[in-house]
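Report on the structure
Here's the letter readout for the chains.
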Amino acid sequence: MTTLAHVLGVISAILLLAWVLHFHGRLWLHSDNPEHIFNVHPIVMYFGFIFVMGEGIMVYKMIPLQRRVRKMVHMMFNFVALCFGIFGVYAAFKYHKESSITDMYSLHSWLGIITICLYGLQWVVGFLGFWIRVAPGYMRERMVPWHRSMGLFLFLMAVCTAETGLVEKATLSQLGPGVESCLMNFAGLAILLFGMAVAFSVLL
């Protein structure tokens, strides 16, 4: 199941890249073309946030190293995901500003902000509780199932947010039947299957 998750994660990345680069041009945060600015958002949010977060969830159980080392790798993966997530949100706000679009008007944007904020809180609590160990031992034992459950819940929230983002983009672009809509649908399906594979990998 873990191997399947890796494969589906790569397939999702390839499909997203093919969609963005073939139909919407290059990725450039400082371009005069707002579409090039927008392109940064889905790529960074998937590669840097969802994919890295999923790998960070699985890596804790996957690598045959000492527990302290596994915790450090897990923590760093999730920190990188958080940084990329914040950058991806910045790219979306910059695109809205350059295109004179109102911020925070859609379900996708609401889910995105909620997910990023809760994910940042989850990382801080995990860092202080399990790495710095500011909490006593009995409290850390009680925190473990909550930390695991919340991490998986936020990962699935990120997947859900990505799906609503693809739907929103297709709706705003008024896409009908065609190659682009088909590619977006396959990308969305691959991201969903990646999320399910990561969840099953952890739960099993």
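Residues numbered from 1 in each chain as written. Predicted model: local features only at pLDDT ≥ 70, side-chain atom pairs only at ≥ 80, totals over all residues. Heavy atoms only, no water.

Within an unreviewed UniProt entry, the label attached to the chain reads Ascorbate-specific transmembrane electron transporter 1, and the organism entered is Acorus calamus. According to UniProt, the comment filed for the chain under the heading Cofactor (unreviewed entry) is "heme b". (UniProt positions renumbered as here; feature names shortened; annotations may be inferred.)

A closer look at the overall build of the chain
Of the regular secondary structure elements, the chain holds six helices and zero strands. When the elements of the chain are put in sequence order from the N terminus, they spell out α-α-α-α-α-α. Overall, the chain is about 55 × 35 × 25 Å in size when its C-alpha atoms are taken along their principal axes. Within the span of the chain, comprising 204 residues, buried residues form 46% of the whole. The contacts of the chain with a sequence gap of at least 6 include a subset with a gap of at least 24, amounting to 74%. If the 13 positive side-chain charges of the chain are averaged to one point and the 9 negative ones to another, these points end up 21 Å apart. (Helix = DSSP H or I, 4+ residues; strand = E, 2+ residues; numbered from the N terminus. Buried < 20%, exposed > 50% of the residue type's maximum accessible area, 1.4 Å probe, protein only. Contact = heavy atoms within 4.5 Å. Lys, Arg positive; Asp, Glu negative; His and termini not counted. Charge placed at Lys NZ, Arg CZ, Asp CG, Glu CD.)

Considerations on the layout of surface pockets
There is about 890 Å³ of room inside the largest pocket. Lining the largest pocket are 29 residues, and of these Tyr60, His74, Phe130, His147 and Arg148 lie nearest its centre. Top contributing element to the lining of the largest pocket by residue count: helix 5 (residues 137-172), with nine residues. Of the residues that constitute the lining of the largest pocket, the class distribution is 13 nonpolar, eight polar and eight charged. (1 Å grid on protein atoms, 1.4 Å probe; cavity = no way out; pocket = protein on both sides within 12 Å on 5 of 7 lines; lining within 4 Å. Points joined across faces, edges and corners; volume = space filled by probe spheres on them. Nonpolar A, V, L, I, M, F, W, Y, C, P; charged D, E, K, R; others polar.)

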